[in-house]
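Examining the three-dimensional arrangement
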Amino acid sequence: MERKISILGFAGSLRKGSYNKAILRAATELLPQGADLGIFDLEGIPPFNQDLENEPPEKVKEFKAQIRAADALLIATPECNYSIPGVLKNAIDWASRPYGDNAFEGKRVGVMGASIGMMGTARAQYHLRQCFVFLNMYPMNRPEVMVPFVQEKVNPEGNLTDQKTREKIKEFLESLVGWARR
Ligand SMILES: Cc1cc2nc3c(=O)[nH]c(=O)nc-3n(C[C@H](O)[C@H](O)[C@H](O)COP(=O)(O)O)c2cc1C
C-alpha cells in the first residue's frame, strides 16, 4: 500500500473572509485518497527581524516544524500590487532563516491563488515561483490554478461553490500528490 502523503497548506492572507483561505478550505474537501491536508494560519507571525532569526518567535518555530514534517506544501496566494502579499513574503523570510536552516529546502510545492481581478493571481504566482529558486524548492509546474473574479465563485458563508473551479482544484491536488510521491 502507498504511503499517505501529508500536505501543509497556507494562505497569504490574514482576512477572516479571505478568498484564498476559502479555496484552501475547498482543497481539504477535494483531496484524493491517500493524502491529508493541514492548514497553517499565518496570523501572529511578526515582521521579520534578523536580530531574532536564531531564536525566532514560537509561531515561527511551529511553522518551520510543520513545513519540515510535510511531504509537500500548498500555497494559496492573493495578488497585491502585481506581486505576492507582504504577509506571505514575511512568513517565507522567517522560515528560510537563519542561513543554513531553510525549512523549505528540497520541498515540493504547489501554488494556487484567487483574486477579484481578471488575472487570477498570475503575476503573484510567477513572483512566488522566483522565490522558490533561492529557497531550492521543487514547484509543480502544471496544472495551474488561477481563480479570477473569485467573488462570484464563493458564497457568503465562504464556500467555494463554482463547480468548474472545484474540478480544477481536484485535478490539481491529484497531480500534487503524484508530484510529492516522485
Ligand atoms: C493592497 C492590495 C493590493 C491589491 N492588488 C491586486 C493586484 O495587483 N491584482 C489583483 O488581481 N488584485 C489585487 N487586489 C485585490 C485582491 O485580489 C483582493 O483583495 C483579494 O480578495 C485578496 O485576497 P484574499 O481575499 O484572500 O484576502 C489587491 C488588494 C489589496 C488589499
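The present account deals with the structure reproduced in this document. The numbers attached to residues start from 1 for each chain and follow its sequence in the written order. Selection of residues for local features in this predicted model requires a pLDDT of at least 70, selection of side-chain atom pairs for listing and counting requires 80 or more, and totals for whole chains, interfaces and linings are taken over all residues. The side-chain figures draw on all heavy atoms in the structure; neither hydrogens nor water molecules are used.

Structural elements are reduced to axes, namely lines fitted to C-alpha atoms, with helices fitted over the stretch in contact, and the angle between N-to-C directions of any two is expressed from 0 to 180 degrees. Only DSSP runs of H or I covering at least 4 residues are called helices, and only runs of E covering at least 2 are called strands; the numbering of each starts at the N terminus. The N-to-C vectors of helix α1 (residues 19–30) and helix α5 (residues 163–181) enclose an angle of 65 degrees; their axes lie 9 Å apart at closest approach. Where α1 crosses over α5, the handedness of that crossing is right-handed. Of the residues in α5, those touching α1 at Ile23, Ala26, Ala27, Glu29 and Leu30 are Arg166, Ile169, Lys170 and Leu173. Side-chain classes follow a simple rule in which Ala, Val, Leu, Ile, Met, Phe, Trp, Tyr, Cys and Pro form the nonpolar group, Asp, Glu, Lys and Arg form the charged group, and the remainder, Gly included, forms the polar group. Grouping the constituent residues of the contact of α1 with α5 by class yields 6 nonpolar, no polar and 3 charged. Crossings are assigned a handedness: left-handed for a near helix turned anticlockwise from the far helix by less than a right angle, right-handed for a clockwise turn. By definition, residues are in contact when any of their heavy atoms lie within 4.5 Å.

Interaxial distance between helix α2 (residues 58–69) and helix α3 (residues 86–95) falls to 9 Å at its minimum, and their mutual angle equals 80 degrees. In terms of orientation, α2 lies roughly perpendicular with respect to α3. Residue-level inspection shows Val60, Phe63, Lys64 and Ile67 of α2 in contact with α3, the latter providing Ala91, Trp94 and Ala95. Of the residues belonging to the contact of α2 with α3, the class tally is 6 nonpolar, no polar and 1 charged. Orientation labels follow simple angle bins: below 35 degrees gives roughly parallel, above 145 gives roughly antiparallel, 65 to 115 gives roughly perpendicular, and whatever is left gives oblique.

What follows concerns α2. Multiply 1.5 Å by the residue count of a helix minus one, and that product is the helix's expected span. In a regular helix each residue adds 1.5 Å, so 12 residues correspond to 16 Å; α2 covers 16 Å between its end C-alpha atoms and thus fits that length. Taken together, the buried positions of α2 are Val60, Phe63, Lys64 and Ile67. Axial view of α2: buried residues confined to an arc of 95 degrees, hence all on one face. Of the residues in α2, the exposed ones pointing more than 90 degrees away from the buried face are Glu58 and Ala69. For every residue, the accessible area obtained with a 1.4 Å probe (protein chains only) is divided by the maximum for its type, and the residue is called buried under 20%, exposed over 50%, and partly exposed between those limits. Summarising the geometry, the arc corresponds to the directions from the helix axis toward the C-beta atoms.

Residue types Ala, Val, Leu, Ile, Met, Phe, Trp, Tyr and Cys, when buried and joined through side-chain atoms within 4.5 Å, form a set referred to as a nonpolar core. Counting 29 residues, the largest nonpolar core has Ile7, Leu74, Met112, Ile169, Phe172 and Leu173 as the members making the most contacts within it. Put simply, the parts of the chain that give this core at least two residues each are β1 (5–11), α1, β2 (35–40), β3 (72–76), β4 (108–114), β6 (145–147) and α5. Excluding residues within four positions of it along the chain, Ile169 makes contact with Ile23, Ala27, Leu30, Met112, Val145 and Leu160. In this structure, Ile92, Trp94, Val111 and Leu128 belong to the second largest nonpolar core, which totals 27 residues.

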